[in-house]
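Results of the structural survey
Take a look at the letters that make up each chain.
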Amino acid sequence: MKFISVVGARPQFVKLAPIAHAAAKAGAEHIIVHTGQHYDPMLSDVFFEDLGIPAPNEHLGVGSGGHGAQTGAMLAALDDVFLTYKPDWVLAYGDTNSTLAAAVSAVKLHVPLAHLEAGLRSFNRRMPEEHNRVLTDHAADLCLAPTQVAMEHLADEGLADRSILVGDVMTDVLYTIRDSIGSAIPAVVAAEGLTPGEYFVSTLHRAETTDSAEKLGQVVAALSTLPYPVILLAHPRLVAKAKEAGIDLNVGSLRARDPLAYPDLLAFAMHSRGIVTDSGGLQKEAFLLRVPCTTVRTETEWVETIDLGWNILANTADEILAAVNRSAPSPTDAAPYGEGHAAEAVIRVLTEHAR
Ligand code: UD1
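Residues numbered from 1 in each chain as written. Predicted model: local features only at pLDDT ≥ 70, side-chain atom pairs only at ≥ 80, totals over all residues. Heavy atoms only, no water.

A short note on the overall build of the protein
Along the backbone of the protein there are 16 helices and 13 strands. In terms of overall dimensions, the protein is globule-like: its C-alpha atoms have a radius of gyration of 20 Å, near the 20 Å expected for 355 residues. Taken over the C-alpha atoms alone, the protein extends approximately 55 × 45 × 40 Å along its principal axes. Long-range pairs, those at least 24 residues apart, make up 70% of the contacts in the protein with a sequence separation of at least 6. (Helix = DSSP H or I, 4+ residues; strand = E, 2+ residues; numbered from the N terminus. Rg over C-alpha atoms; globule rule 2.2 N^0.38 Å. Contact = heavy atoms within 4.5 Å.)

Written out as structure tokens, the structure reads:
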């Protein structure tokens, strides 16, 4: 079985790691295409190095741009790649513009398309990620769902007959890395002059948070008043938008620094008091590490984290303050994201369904 993984943005490299390892173990022929959507080394190369992912076979070097220009450039380049390699499957990951480009190119060329992380929904039609995931699910021949809730969304949209529950591949990689780093306090804690258990970790990068100066100003003001240092792992989009809006990211309790590599992020999060984020992946990582999370959004795709009490949605300054000061969630053994074997299931399903 020969398949092409199309990736381009940070969360996709994390998902690619367990897939690449499972493919190698199963003897599948795996071609990796990097669209170049993310190009800063800390958002891209460091993931390949730390997670043992083979170098991409093709790098499209597309870079930043508006949604149309960025997606269109990828689409044009991917046609040639798919025609050259003639894979049994194109595997599209998650919900970025790279996902949508892979989906449209594959479906137009009649190359079978599988969508990893299918069926997630925020039901917020203003999110670029929501357009990307809905369109990709409906173009796909195989919707590979991470959770039961995602399977239900796919069924509601008439896609049940092409949907398979495989589990969540981000859980696979998280468990592997968590076990390899152990419980040692990461160097970044001392480097930032922090005490374990007495700092918050924050990330903010979504267009809904960063692209309105009013919303961003409100969130920054709220974080600046928290009772412990808040270390903001600043995505380049956030840095650019804050600068444009004249918003200082180093104010009160809030301190901005560069993003961390994946193993450092897990270790840093593990020893924190809590996480405040608008990231989908980090909400789930917080739950898997059993660190309380506050999500600065009006909805989430990972509803299990909320239902189990480990995540709270908060938007205003008062809501954020109340959420980070809440009492500790009840311990749980629930495993809505699987036991860490999703990537093996993906390779098995692709192999079984290859024409
Ligand atoms: C993208 C995805 C989002 C995902 C996120 C993870 C889309 C629509 N969004 O958001 O779903 O959660 O990646 O990080 O695909 N930039 C750099 N260096 C880089 C990459 C980006 O400076 O390596 C800056 C550029 O100014 C660019 C901006 O960030 O214009 C936005 O980048 P883009 O790839 O469009 O979206 P993200 O915000 O990263």
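Still to come is the rest of the account.
Quick look at the site of the ligand
Around the ligand, the structure places 19 residues, and the nearest of them are Gln37, His38, Tyr39, Asn97 and Arg237. Measuring from an oxygen atom of the ligand, one finds a backbone N or O atom of tyrosine 39 at 2.8 Å. Here arginine 237 contributes a side-chain N or O atom positioned 2.5 Å from an oxygen atom of the ligand. Contact with the protein chains removes 86% of the 740 Å² of surface that the ligand exposes when unbound. Here the ligand occupies the largest pocket. Among the elements of the structure, helix H3 (67-85), helix H5 (128-139) and helix H11 (236-245) are those that each provide at least two residues to the shell around the ligand. For the shell around the ligand, the residue count by class is 6 nonpolar, 9 polar and 4 charged. Counting contributing residues, the shell around the ligand receives three or more from each of domain 1 (2-168 + 338-353) and domain 2 (178-324). (Near = heavy atom within 4 Å. Polar contact = N/O pair within 3.5 Å; in protein donor to acceptor, adjacent residues only side chain to side chain. Areas by Shrake-Rupley, 256 points an atom, 1.4 Å probe, with all protein chains shown as cover. 1 Å grid on protein atoms, 1.4 Å probe; cavity = no way out; pocket = protein on both sides within 12 Å on 5 of 7 lines; lining within 4 Å. Sits in = over half its atoms within 2 Å of the grid points. Nonpolar A, V, L, I, M, F, W, Y, C, P; charged D, E, K, R; others polar. Domains from an automatic or database assignment.)

Here's the deal with the pairing of strand S10 (residues 254-257)
Regular strands place side chains that alternate from one sheet face to the opposite one. Pairing between strand S9 (residues 230-233) and S10: 4 bridges, direction parallel. Paired with valine 230 across the two strands is leucine 254, which belongs to S10. In the classification by handedness, the crossover that spans S9, the intervening H11 and the parallel S10 is right-handed. (Pairing = 2+ DSSP bridges. Right-handed = clockwise from strand over helix to strand, strands pointing away.)

What to know about the packing of aromatic side chains
The full count for this structure, using the stated rule, is 6 aromatic pairs. On the numbers, 6.5 Å between centres and 45° between planes, the contact of phenylalanine 13 with phenylalanine 47 is tilted. In this pair, phenylalanine 13 sits in helix H1 (residues 10-26) while phenylalanine 47 sits in helix H2 (residues 45-50), placing the two residues 34 residues apart along the sequence. Judged by relative accessible area, phenylalanine 13 falls into the buried class, the value being 0%. Owing to a relative accessible area of 3%, phenylalanine 47 belongs among the buried residues under this scheme. Through successive ring pairs, a cluster of aromatic residues spans Phe13, Phe47 and Phe48. (Phe/Tyr/Trp six-rings, centres within 6.5 Å; stacked < 30°, edge-to-face > 60°. Buried < 20%, exposed > 50% of the residue type's maximum accessible area, 1.4 Å probe, protein only.)

Here we look at the pattern of salt bridges
Summed over the entire model, instances satisfying the criterion amount to 15 salt bridges. We note a salt bridge from lysine 284 to aspartate 168, for which the minimum N-O separation is 3.0 Å. With a gap of 116 residues between them, lysine 284 in helix H13 (residues 280-289) and aspartate 168 in the loop between strand S7 (163-165) and helix H7 (169-181) connect regions that are remote in the sequence. Residue lysine 284 shares its accessibility class with aspartate 168, and that shared class is buried. As a salt-bridge pair, arginine 255 and glutamate 192 come within 3.4 Å of each other at their nearest N and O atoms. Here glutamate 192 lies in the loop between helix H8 (187-191) and strand S8 (200-203) and arginine 255 lies in strand S10, a separation of 63 residues in the sequence. Here the salt bridges do not stand alone but share partners, grouping Asp95, Glu130, Arg133, Arg297, Glu299 and Glu301 into one network. (Salt bridge = Lys/Arg side-chain N within 4 Å of Asp/Glu carboxyl O.)

Focus: the pairing of strand S2 (residues 29-34)
Across the 6 residues of S2, 5 count as buried, placing the element largely inside the fold. Sheet topology places strand S1 (residues 2-7) next to S2; 6 bridges connect them, and they run parallel. Each bridged residue has a counterpart across the sheet, and for lysine 2 the counterpart in S2 is glutamate 29. Note on the crossover from S1 through H1 to S2: the handedness is right-handed. As defined by bridge partners, S2 adjoins strand S3 (residues 58-59) across 2 bridges and the pair is classed as parallel. The partner of histidine 34 across the bridge, within S3, is histidine 59. In terms of handedness, the path from S2 via H2 over to S3 forms a crossover that is right-handed.

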